[in-house]
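Tertiary structure, described
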Amino acid sequence: MEFTNCPLCNSDSISFFVTNFKNKDFWKCKKCSFVFSSQKNIPNYSDASWDHMIDPDNKIRDLTNEKEFKIKNWYGNISPFVNDINPGKILDVGCGLGYLISSFSNKWEKYGFEISEFAVSYINKNFPEINMIKDLDLEKSKPSEKYKEKFDVIICYHVIEHVKNINYFINNLSMLLKNNGILIIGTPNINSLMAKIFKGNFRLLGDEGHISLFNKKTMNSILKENHFEVTKIEYPFFKTDYFTIKNFIKILNVKAISPPFYGNIMTFYAQKKKINLDINKSV
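Residues numbered from 1 in each chain as written. Predicted model: local features only at pLDDT ≥ 70, side-chain atom pairs only at ≥ 80, totals over all residues. Heavy atoms only, no water.

**Thoughts on the nonpolar core**
- Ranked by internal contacts, the top residues of the largest apolar core, which has 42 residues, are I78, I90, F104, I155 and I184.
- Residue assignment for this core shows that the elements contributing at least two residues are α2 (78-83), α3 (99-102), α4 (117-126), β9 (151-157), β10 (177-188), α6 (193-198) and β13 (265-272).
- Looking at this core, the element that brings in the most residues is α4, giving four residues.
- Not counting chain neighbours up to four residues away, the residues in contact with I78 comprise L100, F104, I155, Y157, I184, T267 and Y269.
- Core analysis: the second largest hydrophobic core is formed by 39 residues, I133, I160, I166 and M266 among them. (Core = buried A, V, L, I, M, F, W, Y, C linked by side-chain atoms within 4.5 Å. Buried < 20%, exposed > 50% of the residue type's maximum accessible area, 1.4 Å probe, protein only. Helix = DSSP H or I, 4+ residues; strand = E, 2+ residues; numbered from the N terminus. Contact = heavy atoms within 4.5 Å.)

**A closer look at the sheet that holds strand β11 (residues 212-213)**
- Pairing within the open sheet is antiparallel, and its four strands lie in the order β1-β2-β3-β11. In this open sheet, the two edge strands, each paired with only one partner strand, are β1 (14-19) and β11.
- Sheet topology places strand β2 (residues 25-29) next to strand β3 (residues 35-37); three bridges connect them, and they run antiparallel. Each residue of the ladder has a partner; that of F26, found in β3, is S37. (Pairing = 2+ DSSP bridges.)

**Description of the environment of D12**
- Within the fold, D12 resides in the segment before β1.
- Separated by 51 residues in the primary sequence, D12 and L63 have C-alpha atoms spaced 41 Å apart.
- Apart from residues no more than four positions distant in its own chain, D12 is found in contact with T4 and N5.

**Focus: the pattern of salt bridges**
- Per the counting criterion, the structure on display carries 12 salt bridges.
- For K72, the salt bridge goes to D241, with nearest N and O atoms at 2.8 Å. Of this pair, K72 sits in helix α1 (residues 67-73) while D241 is found in the loop between β12 (228-234) and α8 (245-250), placing the two residues 169 residues apart along the sequence.
- Given the relative accessible area of 44%, K72 is considered partly exposed.
- Under the relative-accessibility criterion, D241 is labelled partly exposed at 39%.
- For E149, the salt bridge identified is with K272, shortest N-O distance 3.9 Å. Highlighted residues: E149 in the loop between β8 (131-133) and β9 and K272 in strand β13, separated in sequence by 123 residues.
- Counted as one network, the salt bridges with shared partners bring together D55, R61 and E66. (Salt bridge = Lys/Arg side-chain N within 4 Å of Asp/Glu carboxyl O.)

Interpretation note: all reported values are geometric properties and have no functional meaning in isolation.
What follows is the structure in structure tokens.
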């Protein structure tokens, strides 16, 4: 066995979970339900080219031409939610081509972080209102003082499934947020109906970079342990172009790659709780 302990809770109660359609193995923790895979053959996202991406259906797509499609079909109600609250400073960690954060009102002071050089160049050219941050490495080091408690809202959409040290990463995101700030996390749902039916053919298991996968309960627990209160959970689907009869019919063929479907993606809205660290205060 490649693993002896769960990377999330360190329990030794782990077992083989599934082999995906690209012959990659995943394990599951019996204690916390965290699903994980090895670090081998992870793509180098720093030089990823977004104009020649291969999707789970093996189709080559130019994402530089898909802004409106992505905003409508990928991010759920994040944009209306953000535009409906008092504007301040907002950070999108792993902001891709900047489509989501560019959809917010310019009343927001917008910041982005992205390791893909192609994406950073695209954002600088097309969305100059987005201030790109270069000096963050939330998986390996604490953020510098200039960023601590700087942001009112942080978005981390389809990033955390690529992260190895989950609690360290979430804690660093918390350090960037102001007290009562809002964290929005979107990630695949390993307990979705399609994941259960299609098993290794679940479409969101196919990305080589997907090494950490969650269900609703596990993500709730992680956020709670890191002093966040989950206020809302969304499953974007019914208002998207993926809500079609064709995708319903695809459910019948479990030997193929699973279709886009309700529950595949879950979006958590969580508020950072204020922590009282004054140990001298009398009780």
